[in-house]
Amino acid sequence: MLRSQPRAARISDCMNNTALLRALVIYAVCVPLAILAGYWLMLAVNEETRFSFGVVGTLLLVLCLPILLRWHNPLLLLAWNLPVAIFFINGAPNMFLLMVPVSLLISILQRATNPKFHFVRAPQITLPLCALILVILITAKLTGGFGLRSMGGSVMGGRKYIFLLVGIFGYFALTAQRIPPQRARLYTALFFLSGVASALSDLATRFPIPVVPLLFGEDISMLTARFNPYSTLRFAGVGLAGTAVFTYMLVRHGIRDSFLAPSLNVRLFRMMALFLSFAAIFFGGFRSAVLFAALVFLLQFFLEGLHRTKLLPIGLFLASLTAMTCLPFTEKLPPAVQRSICFLPVQVDPSVRMDAQASLDWRVKMWQAILPEVPQHLLLGTGYAIATSDFQFMGNSAFHEINPAQQALALAGDFHNGPLSVILPFGIWGMVAMVWFVLAGIWALYRNYRYGDPEFKIINTALFALFVSRALMFFFAAGFFQLDIAAFAGYLGFGIALNGGICRRNASVPAPQPVGKPAAALLLQPAFPRQA
């Protein structure tokens, strides 16, 4: 009887049977898991045990596997700068630490099962990153191994190794597949604007909302206030959110399209977004954040060629006017804002200046105390491993010790100095690998900026400016190896994934020349034209 049916009807019946079987399997798996999730969630609410939350989180992860398999790459971009903690896991790691290995594992499985699936090739970047991974693993093996206090270990320091390795592997996860050109704007917003959620972290200790401390943890400014009651209260989350919006505006629209948009309403909106986001950075109270934002803006202004136009004298005039208007009233600004500008020759509150100067003084003293130890660890770094008992003993007496090298932050490797945070834990080999990686990243992003698709010109320009500015801040101002490596890998991985690799020069296609809009043509003329 089946043979008498038409072929199309038999195929339709088979497809219906397959769909029915798939639905039954899904229900057979999801219904018991949902029942278990509800049961464990009830225990978690009643007993308030982290174990119950862990079981619920694991079940939710299993239920989300279809979503992860389909959308792991955009979810990775969203989690890169998202300050959400996985509170049901010991140590409350950031969402970024989970999404990188999950996304990379899915990409590897896709590569193993699909011969047409290929990672974006960039051997000039892969080699220094592999060298850096090798140095980290060898140093960890020879200096006490990985220790996780959150897992009950007696050795601390494993968290820093995890941050380093996950940050490096994040580059490979980002470049596992090329960003679709038609989704470049969406992926750019996911990558940069997710940092806006940092503003919610300031609610963790200021408002009685139970879910906020679980998702975002304690705010940096409140930790500073508890550590030193005389320190300046900072809104670190607001500052990070301002940095996220500021960098997104530069990456998405650039300076030229922000100040010279054809529509007046669009122009005003973009200019206000840049101005307000830059102002929000000052509320973080971190001088390095203000310097980084200013450096990125100036470098991108130069890369877009605006220094040869009349926008340069107009910008200088507006900046001077703003400074003359605001600087006489700096003492009336919020303390966090005063702390952000206290490096300038302006009048600020004496207590704010004392707090900022004290922060600088202990850093300089710590560097002076640590520098003599560098030659002893050139061949084999100190690593991050340290016994819990030794750390507690030295940390409790840190502020009564004469030697600043015995302070708690120094013992934890938090030197607030990029080169020291590399060369002391990982020796000269770590420094060589890090410099190799940074130079290779600058070279790769510069080629994408010069020879990339004209459609991505603004994005490539901003990524190059961000990477170079981060490198300058890391080596000459303030840097932290275990955190900055994720920023370097993020900018570089996003740029290579967007362009499908490292762009090459194509002599047959001339470089596109920027064309000004009719309303902005006058401003794009040279500021100082040459005389014939």
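Residues numbered from 1 in each chain as written. Predicted model: local features only at pLDDT ≥ 70, side-chain atom pairs only at ≥ 80, totals over all residues. Heavy atoms only, no water.

**Q** What is the right way to look at the overall build of the protein in this model?
**A** What the protein contains, in helices and strands, is 21 helices and two strands. The proportion of buried residues among the 532 residues of the protein is 43%. Across the protein, contacts joining residues at least 24 apart in sequence account for 73% of those joining residues at least 6 apart. Accessible area for the protein stands at about 28,700 Å²; split by element, carbon and sulfur atoms hold 69% of it. (Helix = DSSP H or I, 4+ residues; strand = E, 2+ residues; numbered from the N terminus. Buried < 20%, exposed > 50% of the residue type's maximum accessible area, 1.4 Å probe, protein only. Contact = heavy atoms within 4.5 Å. Areas by Shrake-Rupley, 256 points an atom, 1.4 Å probe, with all protein chains shown as cover.)

**Q** Which parts of the structure should I look at to understand a nonpolar patch on the surface?
**A** A contiguous nonpolar surface patch, about 860 Å² in accessible area, is contributed by Leu-134, Ile-138, Leu-142, Leu-378, Leu-379, Leu-380, Ile-428, Trp-429 and Val-432. For the nonpolar patch, the secondary structure elements donating two or more residues are helix H5 (123–142) and helix H19 (418–451). Secondary-structure assignment places Trp-429 in helix H19. (Patch = residues over 30% accessible without salt bridge, like charges linked within 9 Å, V, L, I, M, F, W, Y side chains within 5 Å. Salt bridge = Lys/Arg side-chain N within 4 Å of Asp/Glu carboxyl O.)

**Q** Would you mind going over the environment of Ile-133 with me for this structure?
**A** Here Ile-133 lies in helix H5. Distance from Ile-133 to Phe-169, taken between C-alpha atoms, is 9.2 Å for residues 36 residues apart in sequence. Apart from residues no more than four positions distant in its own chain, Ile-133 is found in contact with Leu-165, Ile-168, Phe-169 and Phe-172.

**Q** Would you mind showing me how to read the packing of helix H10 (residues 236–252) against helix H20 (residues 457–476) here?
**A** Each packed pair of helices is defined by two parameters, the angle between the axes and the distance between the axes. Relative to each other, H10 and H20 sit at 135 degrees, their axes nearing to 7 Å. Taken together, the axes of H10 and H20 lie oblique to each other. For the pair H10 and H20, contact is made by Thr-247, Leu-250, Val-251 and Arg-252 and by Ile-458, Ile-459, Ala-462 and Leu-466, respectively. Broken down by class, the residue content of the contact of H10 with H20 amounts to six nonpolar, one polar and one charged. (Axes fitted to C-alpha atoms, helices over the stretch in contact; angles between N-to-C directions. Parallel < 35°, antiparallel > 145°, perpendicular 65-115°, else oblique. Nonpolar A, V, L, I, M, F, W, Y, C, P; charged D, E, K, R; others polar.)

**Q** Quick question: what am I supposed to make of the side chain of Ser-421 here?
**A** Position of Ser-421 relative to the elements: it lies in helix H19. Looking at Ser-421, the relative accessible area reads 1%, which means it is buried. At 2.6 Å, the side chain of Ser-421 and the backbone oxygen of Gly-418 are in polar contact. Discounting residues that sit within four places of it in the chain, Ser-421 has contacts with Tyr-384, Phe-415, Phe-474, Gly-479, Phe-480 and Phe-481. (Polar contact = N/O pair within 3.5 Å; in protein donor to acceptor, adjacent residues only side chain to side chain.)

**Q** How should the nonpolar core be read in this particular structure?
**A** Within soluble globular proteins, side chains that are nonpolar tend to cluster in buried spots. Grouped together as the largest cluster of nonpolar side chains are 107 residues, with contacts concentrated most on Ile-125, Met-434 and Phe-481. The greatest single-element share of this core, amounting to 14 residues, is contributed by H19. The residues contacting Met-434, other than those within four sequence positions of it, are Leu-132, Val-422, Phe-474, Phe-481, Ile-485 and Phe-488. (Core = buried A, V, L, I, M, F, W, Y, C linked by side-chain atoms within 4.5 Å.)

**Q** Looking at this structure, how should I read the environment of Phe-259?
**A** Topologically, Phe-259 is positioned in helix H11 (residues 256–259). On the basis of relative accessible area, Phe-259 is assigned to the partly exposed category, the value being 28%. In this structure, the C-alpha to C-alpha distance between Phe-259 and Met-271, residues 12 residues apart in sequence, is 6.3 Å. In this view, Phe-259 contacts Arg-267, Met-271, Leu-274 and Phe-297; residues no more than four positions away in its chain are not counted.

**Q** Looking at this structure, how should I read the pattern of salt bridges?
**A** A side chain of one charge can pair with a side chain of the opposite charge if their charged atoms are brought near each other. Within this structure, the stated rule accounts for two salt bridges. Linking Arg-339 and Asp-355 is a salt bridge whose minimum nitrogen-to-oxygen distance equals 2.9 Å. On the criterion of sequence distance, the pair formed by Arg-339 in helix H15 (residues 335–341) and Asp-355 in helix H16 (residues 350–370) is long-range, its members being 16 residues apart. By relative accessible area, Asp-355 is classed as buried at 10%. Ionic pairing is found between Asp-484 and Arg-470, a salt bridge with its closest N-O pair at 3.6 Å. Residue Asp-484 is found in helix H21 (residues 481–499), and its partner Arg-470 is found in helix H20; the two are separated by 14 residues along the sequence. Overall, the relative accessible area of 9% leaves Asp-484 in the buried class.

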